[in-house]
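Chain by chain, the residues run as shown.
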Amino acid sequence: MGVVTGMRAGKAARLMGKMAPGVEKKLLGAAGEPMDNNGEEDEGQNLWSSILSEVSTRSSSKLPSGKNILVFGEDGSGKTTLMAKLQGAEHNKKGRGLEYLYLSVHDEDRDDLTRCNVWILDGDLYHKGLLKFAVSTETLKDSLAMFVADMSRPWTIMESLQKWTSVLREHVDKLRIPPEEMREMEQSMVKAFQEYAEPEDAVPSSPQRRVPPAGGDDEGVLLPLGENVLTHNLGIPVLIVCTKCDAVTVLEKDHDYKEEHFDFIQSHIRRFCLQYGAALIYTSVKEEKNLDLLYKYMVHKMYDFQFTTPALVVEKDAVFIPSGWDNEKKIAILHENFTTVRPEDPFEDFIMKPPVRKLVHDKEINAEDEQVFLMKQQSLLAKQPATPTRGTESPARTASGSPRPTGRTGPTNVASVSPMTAVKKPDPNMKGAAANEGVLANFFNSLLSKKTGAPGSPGAAGAAVQGSAKKTGQKPALTDVQAELDRMTQKPDSTLKANNSTPATENEA
């Protein structure tokens, strides 16, 4: 662009050299004697004078190079995404340490182009020493500091702003800038803050036209600064940018934020901005909100481009407060809506970090070994009560014994070992096979007891059988057993008939 400007200046000079004699003669004629075409000569003279003045001043009014934007903020606050969006890059790659980008600045009025350096410091304080590569004693006066706050996590905003401004303050102190130069930079910030004027009267014909330097000091009376204004003067323009302002609806839904919460947050941020003489702007890359406004304000502060946007305080997610506009009285308007909190309350007491919700993961179920599972089932089955089957009834019958015949001796407690108490009535719910099996088992048990038992008195045996029958409410089963035996063997036994005759007679009696 410098080559093009030089060519245009040379061409205009050559044209002026060719036309200079004629112009000189006309000027002399105008001075020596009156001429009729005096108006045309004045118009031509003014045309060439404007061309010469523009060519001569263009080289000195070129956009300055070497401007720097310093970006600070926590990890995940959207620093790189925001600056890449302003750069026009579709795919941004997040780096580590100290990132570098640049913004193309175009002066449409003078058709000039330059680059503005962008340095993005990592969110880890471990990398703050890398600031020495971005800001030096010579480049500090050409820098703008941008502090990024994440609106999706509002409870971190004030702590983040205080941390990163102290990092920059510490770095500026290490630069050891001469006191006179630093005092001059601070005074320029105070003057810029005091000279702020509402942009309603500005001419919006060319938004990129640069504003000429201010004239003398007698143009107006500068008001003194407020009590808490520019108490932390860094000597460079400061901009506070709240990113992810589209999360306002999420805060209202998930964390039950009300208008009072957002007014409280804005109140604290604006009072912080007054201390540094900073501007405040809410942005959203997702919704592309206030991005163009942010770019125009940055080039306005760094290259003196004309800026015609007034302060915006109506929408809670699109706030814009230019440097020099705000004061304590305007901030106090927000306090009128406070009902459950006071303006002087600590920020972290009202905007509290929500409790961390522990994610409950389903416990992983591991299938145990098959043999282990079977062993457990076996132990459970062993503890369960036994069912009335053949295997469980046999020991009871063996222990109870069988009735002894009347002709054999036996123990005195014949009634306790009577078959009437040992023999169970077949369960009607059991199948027929199980009932028949029980009858056969009783029959053979009685045979064994008759062969091995001692002879006893018939009267005692009959009385025992009769008493047992009365207790159990059952008829003597020996007659039925004998009939079953006769039917099965077809061989009558005289001994069995003799032994069974006495109980039968007693039962008949």
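Residues numbered from 1 in each chain as written. Predicted model: local features only at pLDDT ≥ 70, side-chain atom pairs only at ≥ 80, totals over all residues. Heavy atoms only, no water.

Our next topic: the overall build of the chain. Summing up its helical and strand segments, the chain has 17 helices and 7 strands in all. Of all 509 residues assigned to the chain, the portion counted as buried reaches 36%. For the chain, restricting intrachain contacts to residue pairs at least 6 apart in sequence, the fraction spanning at least 24 positions comes to 78%. A total accessible area of about 31300 Å² is found for the chain, and carbon and sulfur atoms account for 55% of it. (Helix = DSSP H or I, 4+ residues; strand = E, 2+ residues; numbered from the N terminus. Buried < 20%, exposed > 50% of the residue type's maximum accessible area, 1.4 Å probe, protein only. Contact = heavy atoms within 4.5 Å. Areas by Shrake-Rupley, 256 points an atom, 1.4 Å probe, with all protein chains shown as cover.)

Below, the discussion takes up the packing of aromatic side chains. What the rule picks out here adds up to 12 aromatic pairs. Across from the ring centre of Trp-325, 3.8 Å away, lies the NZ or CZ of Lys-330, which sits over that ring. (Phe/Tyr/Trp six-rings, centres within 6.5 Å; stacked < 30°, edge-to-face > 60°. Lys NZ or Arg CZ within 6 Å of the ring centre and 35° of its normal.)

Moving on, we come to a nonpolar patch on the surface. The grouping of Leu-440, Phe-444 and Met-488 at the surface amounts to a nonpolar patch, some 270 Å² of accessible area in total. Mapped onto the fold, Met-488 is located in helix H16 (residues 478–489). (Patch = residues over 30% accessible without salt bridge, like charges linked within 9 Å, V, L, I, M, F, W, Y side chains within 5 Å. Salt bridge = Lys/Arg side-chain N within 4 Å of Asp/Glu carboxyl O.)

The subject of this paragraph is the pattern of salt bridges. By the definition in use, this model includes 20 salt bridges. When the shortest N-O distance is used, the salt bridge between Lys-128 and Glu-170 registers 3.7 Å. A residue pair is termed long-range when its members are at least 10 positions apart, and Lys-128 in the loop between strand S3 (112–121) and strand S4 (143–150) and Glu-170 in helix H4 (residues 157–175) qualify at 42 residues. For Lys-128, a relative accessible area of 34% translates into the label partly exposed. Using a relative accessible area of 34% as the deciding quantity, one classes Glu-170 as partly exposed. Two residues, Lys-296 and Asp-292, come together in a salt bridge whose shortest N-O distance is 3.3 Å. Taken together, the residues Lys-296 and Asp-292, both in helix H8 (residues 291–303) and 4 residues apart, mark about one turn of the helix. Overlapping salt bridges, with partners in common, bring together Lys-128, Glu-170 and Lys-174 in one network.

Let us now look at the pairing of strand S2 (residues 98–107). Every second residue of S2 is oriented toward a common face, the buried set being Glu-99, Leu-101, Leu-103, Val-105 and Asp-107 and the non-buried set Leu-98, Tyr-100, Tyr-102, Ser-104 and His-106. Taken together, the 10 bridges between S2 and S3 define a ladder with antiparallel strand orientation. By the bridge assignment for S3, Asp-107 is matched with Asp-112. In this antiparallel pair of consecutive strands, S2 and S3, the connection spans 4 residues, and Asp-111 shows a positive phi of 55 degrees. (Pairing = 2+ DSSP bridges.)

A few words on the nonpolar core. Counting 52 residues, the largest nonpolar core has Phe-147, Leu-168, Ile-240, Ile-269 and Leu-280 as the members making the most contacts within it. Among the elements that make up this core, the one with the highest residue count is H4 (8 residues). Discounting chain neighbours no more than four positions away, the residues touching Leu-168 are Leu-70, Phe-72, Ala-145, Phe-147, Leu-234 and Ile-236. (Core = buried A, V, L, I, M, F, W, Y, C linked by side-chain atoms within 4.5 Å.)

Right, let's talk about the sheet that holds S4 for a bit. With mixed pairing, 7 strands are arranged side by side in an open sheet as S2-S3-S1-S4-S5-S6-S7. Each of the sheet's edge strands pairs with one partner strand only, and the pair in question is S2 and strand S7 (320–321). In this sheet, S4 lies alongside strand S1 (residues 68–73) in parallel orientation, the contact comprising 6 bridges. Within S4, the position partnered with Leu-70 by the bridge is Ala-145. Sitting on the sheet, helix H3 (residues 79–87) touches S1, S2, S3, S4 and strand S5 (238–243), and the angle it makes with S2 is about 30 degrees. (Axes fitted to C-alpha atoms, helices over the stretch in contact; angles between N-to-C directions.)

Within the element layout of this structure, Asp-369 appears in the loop between helix H10 (347–350) and helix H11 (370–383). We classify Asp-369 as partly exposed; its relative accessible area is 46%. A polar contact is formed between the side chain of Asp-369 and the backbone nitrogen of Gln-371, at a distance of 3.1 Å. (Polar contact = N/O pair within 3.5 Å; in protein donor to acceptor, adjacent residues only side chain to side chain.)

Consecutive residues of a regular strand have side chains that alternate between opposite faces of the sheet. Both faces of strand S6 (residues 279–282) are covered, namely the face carrying Ala-279 and Ile-281 and the face carrying Leu-280 and Tyr-282. Note: S5 against S6, 4 bridges, orientation parallel. Directly across from Ile-240, in S6, lies its bridge partner Leu-280. Pairing between S6 and S7: 2 bridges, direction antiparallel.

Position of Glu-99 among the secondary structure elements: in strand S2. Glu-99 sits in the buried class, given a relative accessible area of 13%. Along the primary structure Glu-99 and Asp-122 are separated by 23 residues, whereas in three dimensions their C-alpha atoms are 7.7 Å apart. Leaving out residues up to four positions away in the same chain, Glu-99 has contacts with Thr-80, Lys-93, Lys-94, Val-118, Trp-119 and Ile-120. Polar side-chain contacts of Glu-99 include one of 2.9 Å to the side chain of Thr-80.

This part covers the side chain of Asp-122. Among the structural elements, Asp-122 can be located in the loop between S3 and S4. In this structure Asp-122 comes out as buried when scored by relative accessible area, which is 4%. In this structure the side chain of Asp-122 is engaged in a polar contact, spanning 3.5 Å, whose partner is the side chain of Arg-96. In this structure, Asp-122 is in contact with Asp-75, Gly-95, Arg-96, Gly-97, His-127 and Trp-164, ignoring residues within four places of it in sequence.

The values are spatial; any link to function lies outside them.
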